Amino acid sequence: MAGRFGGLHISLPGLGSILLRPSAATTRTTITSNLPPINQDGLLAGGVDVNGQQSKRIGPTTAHSISSSSIGAGISDSNDSSINPPTTTTLLHHQPFDNSGEMALTVVKPSYPSIEMNMEDYVSETQRSNQVGDYSQLRTFFLTCFHSYASICATFKRFPDNGGDNEHDPELRMDFLNCVYDSLSTMPGAVHKTALRSIVHALLEEGRKLYSKDDVRALFVLLQCPLFSSPSTYSVYSHLLRQILGLSNSDHHLFVYWLKTLEANRFRNIVRHLLQFISIRQFPAGERGLPAPTRSRWWIPTGVRILALLNASNNNTSGSGPLVSYTEFYNSTLDHIDLMKEYLTWQSPDRPGQFSYCQYPFILSIAAKRFILTKDSEQQMILTARRSLVSKMSRNQPPRLELFFLNIHVRRSHFVLDSLNEDMGGLTKEWFQLLIREIFQPDYGMFIYYPNARCYWFSTSTETNLKEYNLIGVLMGLAVYNSIILDLHFPSICYRKLLSPPVVPANNSARVGVVRNFNLDDLAQFMPEVVFGLKELLAYEGNVEEDMALTFQVSFGEYNEVVTVPLMENAHRVPVTNANRNEFVRLYLDWILNKGIYEKFRAFYLGFHSVCASNALIMLRPEEVEILVCGSPKLDLRELQKNTEYDGYKSGDRVIKDFWDVLFELSPEMQKRFLRFVTGTDRVPVGGMAEMGDAPAETVHRAIECRRIRIGIGNQTQTELGNKDRQPNEYLLDYLQYIAQRLDIIL
């Protein structure tokens, strides 16, 4: 609340009450702080409502403090939120008229405090403080260092008196900053309180006089502070996040690039702080010192939107790859909220702008997305069946109850043909496995197997039945719908094409399944030898036309046949030269990945989307679609052991202990091959081992059952091992290795 003399009282856990009051010299000439009060409901000061939406209003200005963005325009940029007080590069002061009668303007540069501490002095003082237990000097340093945005920049900028917006370098002494934060984490609570008091002052500072983009730098520095891992600091943390959210679009762009410059561990810590902040506010457990949820509704939208900046930075593919895996943005606690309510809020046209986690799908785990996808697809199927029943009854025709319940009849000798003539419904895992194995046989000529890459790609041959490609798409959709993993081996670009676009266009003539931002890495996933040759072509320093004698007509080999394809009109007459070789490579990739298989992939795409007919696909990444279809390649034997039930044995029996000891000793590749032997696949479904279906067990004498998965121990091995109380590891190891090595023959 406001103090008697225009100050501001803030109560923070463990810090007591703080009164911040502007000096008399600045009270009348600076802009009133726009930081929202900590305890206020409804529309919060600063133009942000409880859902984190920006209100459209013009920020205040005064004659003595003019925003650089408003000079000449008279108003602030509509993209700039009024949450933050405007920053200035220089200040313009009116002076008396000169001899010519014109008013003179004096340019006044910002004046930053002088911070004497450097990294060497800081390390020395930290060591001394730890030895003697006296942290007074360090407390003084933190009180000064974080007292204002200017002091933060004076401490950590390489050149404090320079501004700039170099997106590739925040121009900070990151080694010094990292050293300060690493040591701060281990210091006593009294030092933490001093640092937090100083940060509060910096956030509430009025009329900042800063060099260009130093407000963004200061916020970038503060976001990395390790103290925000504690819920007791969330009242401060929330306002820091809000000030970051209040930056302009161009500053957010700069912020995203600067986040990319962080070390992976430090980037990961910021992500974890935000995820914890969101979880604790989503599921309040009576944390002391935190405001009531009704008074901090804006915390979650604000935290999620800042997390979106980090996700954008992580997905920025310029330069190096992602700093962390996309799965590290998952918040698994959100699996327990009403996911369909969130989804319907997102889809509701009557509530535009209403916050929903589905607007930011990177935060939802793949299990949550699968739940939404299957539920929505189920509702779409029910609506379709209901419309069909109503239509039949309106024409006095008997309803087709098989729309809801379906038995399929297929002959093993005509498996694919009979499956094509059936309407697919609730199908068994065995049906999926048998059909996949059959349809990928070379005799059908639908897919080309590339042994070096161990994966399949679509045949460019025109002598194929599009219904069969549609069937594979339907099969993949049904696998997702029924939570069954398939033993498919497509390159990852296949799943990118499945999401291009993620929802089938209403226009039937619209092109689907076409990837435009392809590159050599996409082709290398299944044709690495060809990519090697194309890279050699691009890097060749001689005369390409004379030395290689290539044209824009290329040949492909499929099933011992050579197919010649023109990449452009009159391709056989157009030589490949140094000048057009990049265009040649682009057209070559486009043919293999798009044009040469367009009709086949279109049928495949429409088949998949006929089952997964849900807008929830918009939330999925291509990698997540692959996991939903094929399962995760990460095998966790500890989870397998934890979910195992025993038939005829106990977990303490020697043979059981030996079995797990030997299985853990196998190489990861051998473990996967063994899992494939007993379950039909070496991948794990989204829900973990507990969701793997029945696997037929051959020559089973005793079985270890893992939630309906039978791991068979054969008759031969039982004879060799004898009584279960006398079974050495060596025999069991030999048997497991025999299974893994003979896998291809057994299957």
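Here the residue numbering is sequential within each chain, running from 1 through the sequence in written order. Only residues with pLDDT of at least 70 are given local features in this predicted model, and only at 80 or more are side-chain atom pairs given and counted; all residues enter the totals for whole chains, interfaces and linings. Side-chain metrics rest on all non-hydrogen atoms present in the structure, leaving aside hydrogens and water.

### Description of the overall build of the protein chain
And step 1. Per the convention used, a helix needs a DSSP run of H or I reaching at least four residues, while a strand needs a run of E reaching at least two, with both numbered from the N terminus. From N to C terminus, the protein chain includes 29 helices and eleven strands.
And step 2. For the protein chain, with 747 residues in total, the buried portion stands at 47%.
And step 3. Contact definition: two residues touch when any of their heavy atoms are within 4.5 Å. Nonlocal contacts in the protein chain, meaning residues at least 24 apart in sequence, comprise 69% of its contacts between residues at least 6 apart.
And step 4. We get accessible surface area from the Shrake-Rupley algorithm with a probe of 1.4 Å; when it comes to residues, only the shown protein chains can shield them. Of the roughly 36900 Å² of accessible surface on the protein chain, a fraction of 50% belongs to carbon and sulfur atoms. When a residue's accessible area, from a 1.4 Å probe over protein chains only, is under 20% of the maximum for its type it is buried; when over 50% it is exposed; and in between it is partly exposed.

### Details of unusual backbone geometry
The bulk of non-glycine residues show a negative phi, and the bulk of peptide bonds are trans.
And step 1. The omega torsion of the bond from serine 500 to proline 501 falls at -5°, within 30 degrees of zero and hence cis.
And step 2. Tracing the chain through its elements places proline 501 in the loop between helix H17 (493-498) and helix H18 (520-524).
And step 3. For glutamate 171, which is not a glycine, the phi torsion comes out positive at approximately 60°.
And step 4. Within the secondary structure layout, glutamate 171 lies in the loop between helix H4 (149-156) and helix H5 (174-184).
And step 5. The residue lysine 213 is not glycine, and still its phi comes out positive at about 70°.
And step 6. With respect to the helices and strands, the residue lysine 213 is situated in the loop between helix H6 (189-204) and helix H7 (214-223).

### Regarding helix H23 (residues 622-630)
And step 1. Within H23, seven of the nine residues are buried, which leaves the element mostly enclosed by the surrounding structure.
And step 2. All of the buried residues in H23 are Glu624, Val625, Glu626, Ile627, Leu628, Val629 and Cys630.
And step 3. In this fold, the buried residues of H23 make contact with helix H13 (366-394), helix H16 (466-481), H17 and helix H22 (598-611).
And step 4. Backbone geometry just downstream of H23 places glycine 631 in the positive-phi region, at approximately 85°.

### Digging into the pattern of salt bridges
And step 1. One speaks of a salt bridge when a side-chain nitrogen belonging to Lys or Arg is within 4 Å of a carboxyl oxygen belonging to Asp or Glu. On inspection of all chains with the given rule, the structure shows 16 salt bridges.
And step 2. Arginine 158 serves as the salt-bridge partner of aspartate 169, at 2.3 Å between the closest nitrogen and oxygen. Remark: arginine 158 occurs in the loop between H4 and H5 and aspartate 169 occurs in the loop between H4 and H5; sequence separation between them is eleven residues.
And step 3. Here arginine 217 ties to aspartate 214 by a salt bridge, and the two come within 3.0 Å at their closest N and O atoms. Taken together, the residues arginine 217 and aspartate 214, both in helix H7 and three residues apart, mark about one turn of the helix. For the pair formed by arginine 217 and aspartate 214, the shared burial category is buried.
And step 4. One salt-bridge network, held together by shared partners, links Lys157, Glu171, Asp214 and Arg217.

### A look at the packing of aromatic side chains
Aromatic ring pairs are reported here in terms of the distance separating the ring centres and the angle at which the planes meet.
And step 1. Note on ring pairs: Phe, Tyr and Trp rings are taken, using the six-membered ring of Trp, and paired if centres are within 6.5 Å. Classes follow the plane angle, with under 30 degrees stacked, over 60 edge-to-face and the rest tilted. Counting across every chain of the model gives 46 aromatic pairs.
And step 2. Between the aromatic rings of phenylalanine 490 and phenylalanine 604, the centroid separation amounts to 6.0 Å while the plane-to-plane angle is 70°, which identifies the pairing as edge-to-face. Highlighted residues: phenylalanine 490 in the loop between H16 and H17 and phenylalanine 604 in helix H22, separated in sequence by 114 residues.
And step 3. Classification of phenylalanine 490 by relative accessible area gives buried; the value is 5%.
And step 4. Accessibility expressed as a relative area gives 0% for phenylalanine 604, which makes it buried.
And step 5. Three or more aromatic residues link up through ring pairs in this structure, and these residues are Phe440, Phe447, Tyr449, Tyr450, Tyr456, Trp457, Phe458, Tyr469, Phe490, Phe526, Phe601 and Phe604.
And step 6. For arginine 511, the ring lying beneath its charged end belongs to tyrosine 598, and the centroid distance is 4.2 Å. Placement of a positive charge over a ring is assigned whenever Lys NZ or Arg CZ falls within 6 Å of the ring centre and within 35 degrees of the normal to the ring plane.

### Comments concerning helix H8 (residues 234-245)
And step 1. The first and last C-alpha atoms of H8 sit 16 Å apart over twelve residues, in line with the 16 Å expected at 1.5 Å per residue.
And step 2. The element H8 is extensively covered by neighbouring structure, given that twelve of its twelve residues are classed as buried.
And step 3. Listed in full, the buried residues belonging to H8 are Tyr234, Ser235, Val236, Tyr237, Ser238, His239, Leu240, Leu241, Arg242, Gln243, Ile244 and Leu245. In this analysis, the expected span of each helix is defined as 1.5 Å times one less than the number of residues it contains.

### Considerations on the nonpolar core
And step 1. Grouped together as the largest cluster of nonpolar side chains are 172 residues, with contacts concentrated most on Phe142 and Phe490.
And step 2. Apart from the residues within four sequence positions on either side, phenylalanine 142 is in contact with Tyr122, Val180, Leu184, Met187, Val191, Ala195 and Ser198.
And step 3. Residues grouped as a nonpolar core are buried Ala, Val, Leu, Ile, Met, Phe, Trp, Tyr and Cys residues, joined through side-chain atoms within 4.5 Å. Judged by nonpolar contacts, the second largest core, of eleven residues, contains Leu637, Val655, Trp660 and Leu663.

### Here we look at the packing of helix H12 (residues 339-347) against H13
And step 1. At their nearest, the axes of H12 and H13 sit 10 Å apart, and the two run at 70° to each other. As far as their axial angle goes, H13 and H12 are roughly perpendicular. The crossing of H12 and H13 is right-handed. Counted together, Leu339, Met340 and Tyr343 of H12 and Ala368, Phe371, Ile372, Lys375, Asp376 and Gln379 of H13 form the full contact between these two elements.
And step 2. Under the scheme applied, nonpolar residues are Ala, Val, Leu, Ile, Met, Phe, Trp, Tyr, Cys and Pro; charged residues are Asp, Glu, Lys and Arg; polar residues are all the others, including Gly. Split into classes, the residues belonging to the contact of H12 with H13 amount to six nonpolar, one polar and two charged. Inter-axis angles, ranging from 0 to 180 degrees, are taken between N-to-C directions of lines fitted to C-alpha atoms, where helices are fitted over the stretch in contact. Reported orientations rely on four angle classes, namely roughly parallel under 35 degrees, roughly antiparallel over 145, roughly perpendicular from 65 to 115, and oblique for the rest. Two helices crossing with the near one rotated counterclockwise from the far one by less than a right angle form a left-handed crossing, whereas a clockwise rotation gives a right-handed crossing.

### Quick notes on the confidence of the model for the protein chain
Detailed reading of the predicted coordinates is not advisable wherever pLDDT is low.
And step 1. Chain-level pLDDT for the protein chain is 78 on average; 72% of the residues reach the 70-or-more range.
And step 2. Of all secondary-structure elements in the protein chain, the lowest mean pLDDT belongs to strand E10 (residues 700-705), at 35, while H7 reaches the highest, 97.
And step 3. Low pLDDT, under 50, characterises residues 693-728; the predicted model gives this stretch 83 contacts beyond four residues in sequence or across chains. Per residue, pLDDT captures the predictor's confidence, and it can take any value from 0 to 100.

### Let's talk about the packing of H4 against H7
And step 1. One way to put it is that H4 packs onto H7 with a least axis distance of 9 Å and a crossing angle of 80°. Considered as vectors, H4 and H7 are oriented roughly perpendicular to each other. Between H4, through Tyr149, Ile152, Cys153 and Phe156, and H7, the contact on the second element is made entirely by Asp214, Asp215, Arg217, Ala218, Leu219, Val221 and Leu222.
And step 2. Tallied by class, residues from the contact of H4 with H7 come to eight nonpolar, no polar and three charged.

### Let's talk about the environment of lysine 467
And step 1. Along the polypeptide, lysine 467 turns up in helix H16.
And step 2. A C-alpha to C-alpha distance of 9.0 Å links lysine 467 and glycine 607, two positions 140 residues apart in sequence.

### Looking at the pairing of strand E8 (residues 561-566)
And step 1. Pairing of strand E7 (residues 553-558) with E8 involves six bridges; the strand directions are antiparallel. Bridging across to E8, valine 554 finds its partner in valine 565.
And step 2. Where E7 hands over to E8, the hairpin turn is made up of two residues, of which tyrosine 559 adopts a positive phi near 50°. When DSSP locates at least two bridges between a pair of strands, those strands are taken to pair.

### Describing the environment of methionine 381
And step 1. Position of methionine 381 relative to the elements: it lies in helix H13.
And step 2. Judged by relative accessible area, which is 30%, methionine 381 ranks as partly exposed.
And step 3. Methionine 381 has contacts with Tyr481 and Val611, leaving out every residue within four places of it along the chain.

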